Each structure stands twice: as C-alpha cells, then as structure tokens.
Amino acid sequence: MKKSIKNIFVEGAITPEKIAQSIAAHQSKTGIGAHDIFLGQVRADEIEGKIVQAIEFTAQIEMANQICHDIKEHTFERHPIHCMHIYHSIGKVKAGEICIFVFVSAAHRTTVFNALQEVVNEIKANVPIFGKELFEDETHQWKENK
Amino acid sequence: MKKSIKNIFVEGAITPEKIAQSIAAHQSKTGIGAHDIFLGQVRADEIEGKIVQAIEFTAQIEMANQICHDIKEHTFERHPIHCMHIYHSIGKVKAGEICIFVFVSAAHRTTVFNALQEVVNEIKANVPIFGKELFEDETHQWKENK
Amino acid sequence: MDVTLTYYGKLVEVVGKSKEVLDVEAITIQELVIWLENEYPDLKKLSLKIAQNNTIGELEDEITSKNIDIFPPFSGG
Amino acid sequence: MDVTLTYYGKLVEVVGKSKEVLDVEAITIQELVIWLENEYPDLKKLSLKIAQNNTIGELEDEITSKNIDIFPPFSGG
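Residues numbered from 1 in each chain as written. Chains lettered and ligands numbered in written order. Predicted model: local features only at pLDDT ≥ 70, side-chain atom pairs only at ≥ 80, totals over all residues. Heavy atoms only, no water.

**A word on the interface of chain B and chain D**
Contacts between the two partners involve 23 residues from chain B and, on the opposite side, 17 residues from chain D. For the pair chain B and chain D, the summed buried surface comes to about 1,600 Å²; carbon and sulfur atoms form 56% of the total. A per-residue breakdown of the area chain B buries against chain D is headed by M63, F130 and W142 of chain B, which together make up 38% of the total. Connecting chain B to chain D are 0 salt bridges. At the junction of chain B and chain D, the tally comes to 13 residue pairs in polar contact (both at pLDDT 80 or more). Elements that contribute at least two residues to the side of chain B that touches chain D include exactly β4 (50-59), α2 (61-78), β6 (98-106), α3 (109-126), β7 (129-135) and β8 (140-142) of chain B. The class makeup of the residues in the side of chain B that touches chain D is 12 nonpolar, 6 polar and 5 charged. (Contact = heavy atoms within 4.5 Å. Buried area = accessible area lost by both parts, 1.4 Å probe. Salt bridge = Lys/Arg side-chain N within 4 Å of Asp/Glu carboxyl O. Polar contact = N/O pair within 3.5 Å; in protein donor to acceptor, adjacent residues only side chain to side chain. Helix = DSSP H or I, 4+ residues; strand = E, 2+ residues; numbered from the N terminus. Nonpolar A, V, L, I, M, F, W, Y, C, P; charged D, E, K, R; others polar.)

**Topic: the packing of helix α1 (residues 16-24) of chain A against helix α1 (residues 16-24) of chain B**
Between α1 of chain A and α1 of chain B, the shortest axis-to-axis distance is 8 Å and the interhelical angle comes to 150°. Classified by the interaxial angle, the pair formed by α1 of chain A and α1 of chain B is roughly antiparallel. Between α1 of chain A and α1 of chain B the crossing geometry is right-handed. Counted together, P16, I19, A20, I23 and A24 of chain A of α1 of chain A and P16, E17, I19, A20, I23 and A24 of chain B of α1 of chain B form the full contact between these two elements. (Axes fitted to C-alpha atoms, helices over the stretch in contact; angles between N-to-C directions. Parallel < 35°, antiparallel > 145°, perpendicular 65-115°, else oblique. Left-handed = near helix turned anticlockwise from the far one by under 90°.)

**Some details on the side chain of H85 of chain A**
Residues and elements named next belong to chain A. Take H85: it is sitting in strand β5 (residues 81-94). Within the structure, the side chain of H85 is placed 3.2 Å from the side chain of H26, a separation counted as a polar contact. Leave out the neighbours within four places in its chain, and H85 touches H26, F101, V102 and F103.

Right under this line is the structure:
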C-alpha cells in the first residue's frame with residue numbers, strides 16, 4: 001500500500017514547541033535508540049550594508065510535497081530507519097526563527113547520521129522552494145543555496 | 001579566559017520541553033543558520049527473552065564533566081561552530097525516554113553535521129558513564145557500546 | 001494546445017508576470033527554453049528547471065501537460 | 001602511601017565492593033593492573049581503564065594521586 005502524501009508546509013516559523021511535540025510522539029516507539037534532527041534557522045546576514053530581517057518562502061507546494069514523499073521512500077529503502085519527518089516553512093520567517101525541521105529516527109546512531117545528511121542535501125537540491133531575503137528598507141534579494 | 005566547567009548531568013530522563021527550551025534560547029543568535037541535534041533514546045531491547053525496562057546510569061561525574069569540557073574546546077578549535085551543548089542523564093531512564101542530548105549550531109549545515117558526529121562518537125568512547133540495563137524481573141545486564 | 005506557464009521565485013520579477021498562456025504544438029522542453037530565452041533575454045543568466053506533472057523534465061522531453069512550471073534554482077532550507 | 005581505589009559500573013559487582021584502600025609505594029599503573037588481576041581474576045576478561053586526577057593513565061605512568069578510578073568499558077549515550 002502506498003503511503004499518502006503528507007503536507008510538509010507550516011505557515012510561518014516552526015516553533016520549538018512543535019519540535020518538542022514531535023520528539024515526545026516517539027517515546028512509544030521503543031525500538032528507536034537514536035534521533036538526529038536538523039534545524040535550519042534564518043540568519044541575519046549582512047549583504048552590502050543591509051541586514052536580512054526575514055525570509056519569505058514560496059513553493060510549488062504540490063510538487064514539493066511529492067518530491068519530499070519520494071525522498072522519504074527512497075531513504076527508507078536505503079537505510080534501516082524507523083521514522084522520518086520533514087517540515088518546511090511557507091510565508092515569512094524572521095531572522096532567528098526556524099524554517100526547516102528534518103527528523104530521522106533509527107535503532108542506531110550511524111544510521112540516523114547517514115540518512116539525515118542525505119535527506120537534507122536532497123531537500124536543498126531537489127525541492128521547489130524559493131526564499132526571498134527581506135531587508136529592513138523593504139528591498140530584497142533572492143536566496144541562493146550553496 | 002578559560003570557560004568554567006559545566007555540569008552535563010540531568011537527573012532522570014531529558015524531557016522534550018528541555019530540548020525545546022534549549023532550541024528557543026538560540027533564536028537571539030542570528031548568525032546561526034543550522035542546528036544539528038542528536039538524541040539517544042533508551043531501547044526496549046529483548047535479550048534472551050527479557051525486555052529492557054530502563055537503563056540506570058552512573059558516572060564518574062567530575063571526570064565526565066571535565067572530558068566533555070575538553071571535547072567542547074577541541075570541537076570549537078576544529079570547527080567554526082557557534083554553540084554546543086551536551087546533556088546526559090544520571091539515574092534511571094525508562095525505555096522510550098531520552099538519555100543524551102547533544103546540540104551543535106553553526107552558520108552552515110556541513111559544519112554542524114561534521115561536528116556533531118565527532119562529538120557524539122567522542123562522548124561514547126571517552127566519557128566515564130556506565131549504563132545498567134534493567135529487566136522487569138529485577139535482573140540486569142551491563143550495557144555495552146558498539 | 002494552450003499551455004499555462006507558471007513562473008516561480010525570482011522569475012516572476014525577471015519576466016514581470018507569474019503566469020502566461022502559450023499556444024504550442026508538439027514542442028520539446030528545449031524548444032520552450034529557446035522561446036523563453038528569446039522572449040526574456042535575462043533568463044539566459046539563470047539555470048532554469050522546467051517541470052510538468054510535478055516532475056523536472058529533460059530537454060528532449062515533449063511537452064504533454066497543459067501546466068508547465070518554470071523554476072529558478074531552488075533555495076529552500 | 002594509602003591510595004583509594006574506586007570501582008565503577010559492573011566492576012562493583014565483579015570485585016564485590018565500590019572502594020578499597022591500598023598501601024602502595026611508587027608503583028605504575030601497569031603494576032596496579034597486575035595486582036588487580038591477581039586479586040580479582042575475573043577482571044582479566046575486561047579491558048580496564050585506570051584514571052588519576054580525572055585523566056586516563058598510560059600503563060607506564062606512576063601513581064601519584066591518592067584517588068584512583070578503575071573503569072570498565074564506558075557505555076554512556
């Protein structure tokens with residue numbers, strides 16, 4: 001049976017409380033021995049004298065959800081993980097706030113370390129999400145991933 | 001100036017709320033772009049027909065804190081990280097609960113991925129902490145790290 | 001066949017619109033890219049990705065969907 | 001010199017106590033290990049680590065501290 005495609009998007013910043021709830025939800029899964037969590041936080045970068053105040057994210061939402069679903073299936077095939085969750089902000093996220101939350105769980109730590117890095121790199125490379133860095137003077141610049 | 005040696009130990013399980021508070025405390029550090037968090041959770045392993053109910057941790061606390069302090073200093077020297085925190089449980093932690101929380105923050109994701117793995121491996125190898133796996137019938141077995 | 005092109009991210013600014021309808025017959029993605037770069041020369045500086053049915057296409061793929069997404073480099077995370 | 005040996009983890013069970021005092025003069029860690037394995041043959045199966053002043057010692061190090069920690073393999077995390 002195919003799993004249904006989940007919505008990865010969260011309006012605005014991802015809160016520490018949401019992350020805590022997600023961690024707590026795994027306490028009944030007693031085969032898990034290791035969790036690895038990646039969080040991306042909006043940096044107040046200085047670009048030509050102007051400081052980034054926030055990033056506004058847009059996306060091709062349907063395709064982004066489909067690609068994340070495929071990344072998950074692919075990761076479950078390659079690594080003995082128990083659980084995996086991807087959340088990404090849509091809309092405006094202020095500097096210092098969290099805009100991406102990727103959570104991988106397995107019996108052992110080497111599994112989660114390997115799987116998490118792959119997943120985060122694949123999300124950055126393959127998911128149609130676009131960040132617009134907003135400055136205080138209402139100008140902006142389009143974010144570029146390295 | 002030498003940083004003071006912090007106490008890594010938390011009595012009993014590390015709660016999701018503590019993790020959320022630690023994440024929230026980094027929102028003012030707007031040079032951070034990436035966090036990587038490792039959590040170790042007690043597995044309800046089955047060993048010769050008996051299931052692990054909890055792990056009871058003991059340690060040479062003063063030395064454990066000193067070694068973790070050295071691991072931190074060493075990690076700051078080798079990686080451009082902004083922040084790093086290590087917490088470990090002492091006493092009894094039930095299956096499904098969290099017994100280690102390692103948190104590394106930096107501007108970029110490759111830094112945190114590399115640093116976190118090193119730190120977790122060093123903690124497992126070099127910090128004098130001892131886990132006793134408790135079964136339901138009050139027998140036990142001493143945990144061994146692989 | 002009327003095909004709706006949807007522009008994303010900075011492309012909305014570069015081409016000055018978020019959508020437009022194009023009447024095309026049996027063209028490939030490569031031919032669409034040529035048309036786009038001709039119509040909007042500033043697009044030549046960007047490495048475009050073209051998707052139909054939520055999948056990034058290869059240059060030789062024929063356009064079969066009525067909805068085509070045109071992306072600049074992704075910058076999520 | 002009276003030296004207090006403190007046993008940790010499973011060693012407390014193997015040797016049947018958590019501390020003991022030993023009167024030694026100018027011995028190395030290696031000599032202490034030999035004494036321990038002689039006194040408690042079951043320790044031979046374990047790879048012991050010996051620390052003084054919160055630092056794991058090398059076999060050739062002389063014992064200078066009055067408090068010596070004797071560890072089984074670490075199993076934190």
